Amino acid sequence: QVQLVESGGGLVQAGGSLRLSCAVSGRTFSNYAMGWFRQAPGKEREFVAVISRIAGRLNYTDSVKGRFTISRDSPKNTVYLQMNSLKPEDTAVYYCAASQRGSYYFIPEGEYEYDYWGQGTQVTVSS
C-alpha cells in the first residue's frame with residue numbers, strides 16, 4: 001500500500017540546479033527514514049543522501065557533500081533533493097526510497113535497509 005511518487009527530473013546544464021521531489025502515501029510519513037539513490041548506466045546503484053524520521057539527522061555520499069541537500073516536509077509527506085552545482089557525473093536515474101527500520105534517528109545507507117522504492121527519475125547534466 002505504500003507508494004512513492006517522484007518528480008523533478010530532467011535535463012540541466014553543468015553548474016545548474018534541479019530539485020527532486022518524492023511524495024509518500026499509504027502510511028504515516030513520519031514512520032520512514034527517506035533516502036535517495038542513483039544509478040548511472042553500467043554502474044552500481046549508489047547511495048546519495050538520507051534523512052531520518054526526525055529531520056535533524058542527515059548523511060550524504062562524499063561526492064555530493066556541499067552541493068546536494070536533502071529535506072522533508074512532513075505536512076506534505078514529501079522528501080526533496082535539492083541539487084546545486086550539478087556535474088555531468090551526476091547524470092543517473094535517481095530513486096527515492098523509504099525505510100521503516102530502526103529508530104526515529106536511523107540514517108540507513110544500504111539498499112537492503114530500505115523497504116519501498118520509487119520508480120526512478122532521469123537526471124541528465126550536459127557538459
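The structure reproduced in this document is the subject of the present report. None of these values were measured; they are calculated from a predicted model. (Residues numbered from 1 in each chain as written. Predicted model: local features only at pLDDT ≥ 70, side-chain atom pairs only at ≥ 80, totals over all residues. Heavy atoms only, no water.)

What about the packing of aromatic side chains?
Stage number 1. In this structure the tally under the stated criterion is five aromatic pairs.
Stage number 2. Considering the side-chain rings of phenylalanine 37 and phenylalanine 47, the 5.8 Å spacing of their centres and the 75° angle between planes classify their relative orientation as edge-to-face. Taken together, the residues span a long stretch of sequence, with phenylalanine 37 in strand E4 (residues 33-39) and phenylalanine 47 in strand E5 (residues 46-51) at a distance of ten residues.
Stage number 3. By the ring-pair criterion, three or more aromatic residues cluster together here, those being Phe37, Phe47, Tyr114 and Trp117.
Stage number 4. Its end group placed over the ring of tyrosine 95, arginine 45 keeps NZ or CZ at 5.3 Å from the ring centre.
Stage number 5. Just above the ring of tryptophan 117 sits the side chain of arginine 45; from NZ or CZ to the centre is 4.1 Å. (Phe/Tyr/Trp six-rings, centres within 6.5 Å; stacked < 30°, edge-to-face > 60°. Helix = DSSP H or I, 4+ residues; strand = E, 2+ residues; numbered from the N terminus. Lys NZ or Arg CZ within 6 Å of the ring centre and 35° of its normal.)

Some details on the sheet that holds strand E3 (residues 18-25)
Stage number 1. The strand order across the open sheet built from four strands is E1-E3-E8-E7, with neighbouring strands paired in antiparallel fashion. The open sheet is flanked by strand E1 (3-7) and strand E7 (68-73), the only strands paired with a single partner. Averaged over all neighbouring strand pairs, the angle between strand axes comes to 15°, with direction disregarded.
Stage number 2. For E3 and strand E8 (residues 78-83), the ladder comprises six bridges, and the chain directions are antiparallel. Of the residues in E8, the one forming a bridge with serine 21 is tyrosine 80. (Pairing = 2+ DSSP bridges. Axes fitted to C-alpha atoms, helices over the stretch in contact; angles between N-to-C directions.)

Considering unusual backbone geometry
Stage number 1. At asparagine 77, a residue that is not glycine, the phi angle is positive and equals roughly 50°.
Stage number 2. Relative to the helices and strands, asparagine 77 resides in the loop between E7 and E8.
Stage number 3. By relative accessible area, which is 24% here, asparagine 77 ends up partly exposed.
Stage number 4. Phi is positive for serine 85, which is not a glycine, with a value near 50°.
Stage number 5. For serine 85, the position within the fold is in the loop between E8 and strand E9 (92-99). (Buried < 20%, exposed > 50% of the residue type's maximum accessible area, 1.4 Å probe, protein only.)

Notes on the nonpolar core
Stage number 1. Ranked by internal contacts, the top residues of the largest apolar core, which has 29 residues, are Met34, Trp36, Leu81, Met83 and Tyr94.
Stage number 2. Of all hydrophobic cores here, the second largest spans five residues; its members include Phe37, Phe47, Val50 and Ala97. (Core = buried A, V, L, I, M, F, W, Y, C linked by side-chain atoms within 4.5 Å.)

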